[in-house]
Amino acid sequence: MDVRFPKIADQLLLIERELRTQGWWDEVSPSAEALSSVEPFSVDTLDFEQWLQWIFLPRMKMILEQDLPLPNASGIQEMAEMVFAQRNLQGKDRQLQVLLKEFDLLITASR
């Protein structure tokens, strides 16, 4: 097991909690078609928060549970910056961006 797994698991829980806190957690899954987008971050079919909930979190949890190799890099916080810059959220997104940056750093940390 990769020594980063416990910290990454904790970080994923913090990201989920922040999505819920901000009211960005959906109770109903998007359509199968929306979830099957081949575009990066599913930008053509999902909001960024939906992508985090329905694609990113489940994939990362599967990687941890099945002891699969972690990605070599992560740029999720950069994507969040671009997405949230286009919205007037008055800082609601700041904590989520901090958590995503910490996730990116954990992914790139040496093993």
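Note: the structure precedes this text.
This structure is a prediction, so every number in the text was calculated from the model and none was measured.

Novice: Would you take a moment to explain the pattern of salt bridges for this structure?
Specialist: Any two side chains of opposite charge can pair if their charged atoms end up close together. By the definition in use, this model includes 4 salt bridges. A salt bridge links arginine 87 to glutamate 49; the nearest nitrogen and oxygen atoms lie 2.4 Å apart. Of this pair, arginine 87 sits in the loop between helix H4 (76-85) and helix H5 (94-108) while glutamate 49 sits in helix H3 (residues 48-65), placing them 38 residues apart in sequence. Via salt bridges that share partners, Glu16, Arg20 and Lys61 belong to a single interconnected network.

Novice: What is the right way to look at the packing of H4 against H5 in this model?
Specialist: A pair of packed helices is characterised by two quantities: the angle between their axes and the separation of those axes. The N-to-C vectors of H4 and H5 enclose an angle of 155°; their axes lie 8 Å apart at closest approach. Between H4 and H5, the interaxial angle falls into the category roughly antiparallel. Contact residues: Ile76, Gln77, Glu78, Ala80, Glu81 and Phe84 in H4; Leu96, Gln97, Leu100, Lys101, Phe103 and Asp104 in H5. For the contact of H4 with H5, a count of residues per class yields 6 nonpolar, 2 polar and 4 charged.

Novice: When you look at the packing of H3 against H5 in this model, what are you seeing that I'm missing?
Specialist: Following both chains from N to C, one finds H3 and H5 inclined at 30°, their axes separated by 14 Å at the closest point. Compared by their axis directions, H3 and H5 come out roughly parallel. Where H3 crosses over H5, the handedness of that crossing is left-handed. On the side of H3, the interface is formed by Phe48, Leu52, Phe56 and Met60, while H5 contributes Leu96, Leu100, Phe103 and Ile107. Class assignment for the residues of the contact of H3 with H5 results in 8 nonpolar, no polar and no charged.

Novice: Please clarify how the side chain of aspartate 2 should be interpreted in this entry.
Specialist: Along the chain, aspartate 2 turns up in the segment before helix H1 (5-21). According to the relative accessible area criterion, aspartate 2 is buried, its value standing at 12%. Within the local environment of aspartate 2, its side chain forms a polar contact with the side chain of arginine 4, the two groups lying 2.7 Å apart.

Novice: What is the right way to read the side chain of glutamine 22 from this model?
Specialist: Looking at the element boundaries, glutamine 22 is found in the loop between H1 and helix H2 (32-35). Side-chain polar atoms of glutamine 22 contact the side chain of glutamate 18, separated by 2.8 Å.

Novice: Hey, could you run me through unusual backbone geometry in this one?
Specialist: For residues other than glycine, phi is negative in most cases, and the peptide bonds are mostly trans. Phi is positive for phenylalanine 41, close to 60°, though the residue is something other than glycine. Tracing the chain through its elements places phenylalanine 41 in the loop between H2 and H3.

Conventions adopted
Residues numbered from 1 in each chain as written. Predicted model: local features only at pLDDT ≥ 70, side-chain atom pairs only at ≥ 80, totals over all residues. Heavy atoms only, no water. Salt bridge = Lys/Arg side-chain N within 4 Å of Asp/Glu carboxyl O. Helix = DSSP H or I, 4+ residues; strand = E, 2+ residues; numbered from the N terminus. Axes fitted to C-alpha atoms, helices over the stretch in contact; angles between N-to-C directions. Parallel < 35°, antiparallel > 145°, perpendicular 65-115°, else oblique. Contact = heavy atoms within 4.5 Å. Nonpolar A, V, L, I, M, F, W, Y, C, P; charged D, E, K, R; others polar. Left-handed = near helix turned anticlockwise from the far one by under 90°. Buried < 20%, exposed > 50% of the residue type's maximum accessible area, 1.4 Å probe, protein only. Polar contact = N/O pair within 3.5 Å; in protein donor to acceptor, adjacent residues only side chain to side chain.

Read these as layout, nothing more, since geometry by itself doesn't imply function.
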